[in-house]
Amino acid sequence: MTATDDPAGELVAGEERSRLREAVLRLPDRAREAVTLHYWHEMPFDQIAAVLDIPVGTVKSRVAYGLARLRTMETQS
């Protein structure tokens, strides 16, 4: 079965993507920036660190913080 064979599944997936985008937009700027670069732009931590001019450990911390906040938002929905 392909994605086009399941319109209801496509609708649900689209709604989930939309909710995720909205949740990411509610993250604090620094966490949103790191999460977006890592997950949507598929940048490795060292490259994000270079772009943002911060240590790799700080990038990892911001991504972890952002993911934790997203999980908290999910449980509050």
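Definitions and cut-offs
- Residues numbered from 1 in each chain as written.
- Predicted model: local features only at pLDDT ≥ 70, side-chain atom pairs only at ≥ 80, totals over all residues.
- Heavy atoms only, no water.
- Helix = DSSP H or I, 4+ residues; strand = E, 2+ residues; numbered from the N terminus.
- Rg over C-alpha atoms; globule rule 2.2 N^0.38 Å.
- Buried < 20%, exposed > 50% of the residue type's maximum accessible area, 1.4 Å probe, protein only.
- Salt bridge = Lys/Arg side-chain N within 4 Å of Asp/Glu carboxyl O.
- Expected span 1.5 Å × (residues − 1).
- Core = buried A, V, L, I, M, F, W, Y, C linked by side-chain atoms within 4.5 Å.
- Contact = heavy atoms within 4.5 Å.

## Structural notes on the overall build of the chain
Counting its regular elements, the chain contains four helices and zero strands. Put simply, the chain runs from its N terminus to its C terminus through helices and strands in the order α-α-α-α. Taking 2.2 N^0.38 as the reference for a compact globule, 77 residues should give roughly 11 Å; the C-alpha atoms of the chain span a radius of gyration of 15 Å, well beyond that estimate. Burial analysis of the chain (77 residues in total) assigns 25% to the buried set.

## Comments concerning the pattern of salt bridges
Side chains that carry opposite charge are capable of pairing whenever their charged atoms lie near each other. For the coordinates displayed, the defined rule picks out one salt bridge. In this structure, the salt-bridge partner of R32 is D29, at a minimum N-O distance of 2.5 Å. Of this pair, R32 and D29 are both found in helix α2 (residues 29-40), three residues apart, which corresponds to roughly one turn of the helix. A relative accessible area of 23% means that R32 is categorised as partly exposed.

## Quick look at α2
Across its twelve residues, α2 extends 15 Å between first and last C-alpha, which sits within 8% of the 16 Å expected from 1.5 Å per residue. E42 lies just past α2 and shows a positive phi near 55°.

## What about the nonpolar core?
Judged by nonpolar contacts, A34, L37, M43, I48, A49, I54, V59 and V63 together constitute the single largest core of eight residues. Secondary structure elements with two or more residues in this core: α2, α3 (45-52) and α4 (56-76). Dropping the residues within four chain positions of it, V63 is found in contact with A34, V35, H38, Y39 and F45. Among the nonpolar cores identified, the runner-up in size contains seven residues, and V24, L27, A31 and L70 belong to it.

## Things to note about the environment of V56
Among the structural elements, V56 can be located in helix α4. Along the chain, V56 and L27 lie 29 residues apart, while their C-alpha atoms are 20 Å from each other. In this structure, V56 is in contact with F45, D46 and A49, ignoring residues within four places of it in sequence.

## A few points about the environment of V35
Examined against the element boundaries, V35 turns out to sit in helix α2. With a relative accessible area of 5%, V35 lands in the buried category. As a C-alpha pair, V35 and E74 span 39 residues in sequence and 16 Å in three-dimensional space. Sequence-distant contacts of V35, that is, excluding residues within four places in its chain, are made with L27, W40, R62, V63, G66 and L67.

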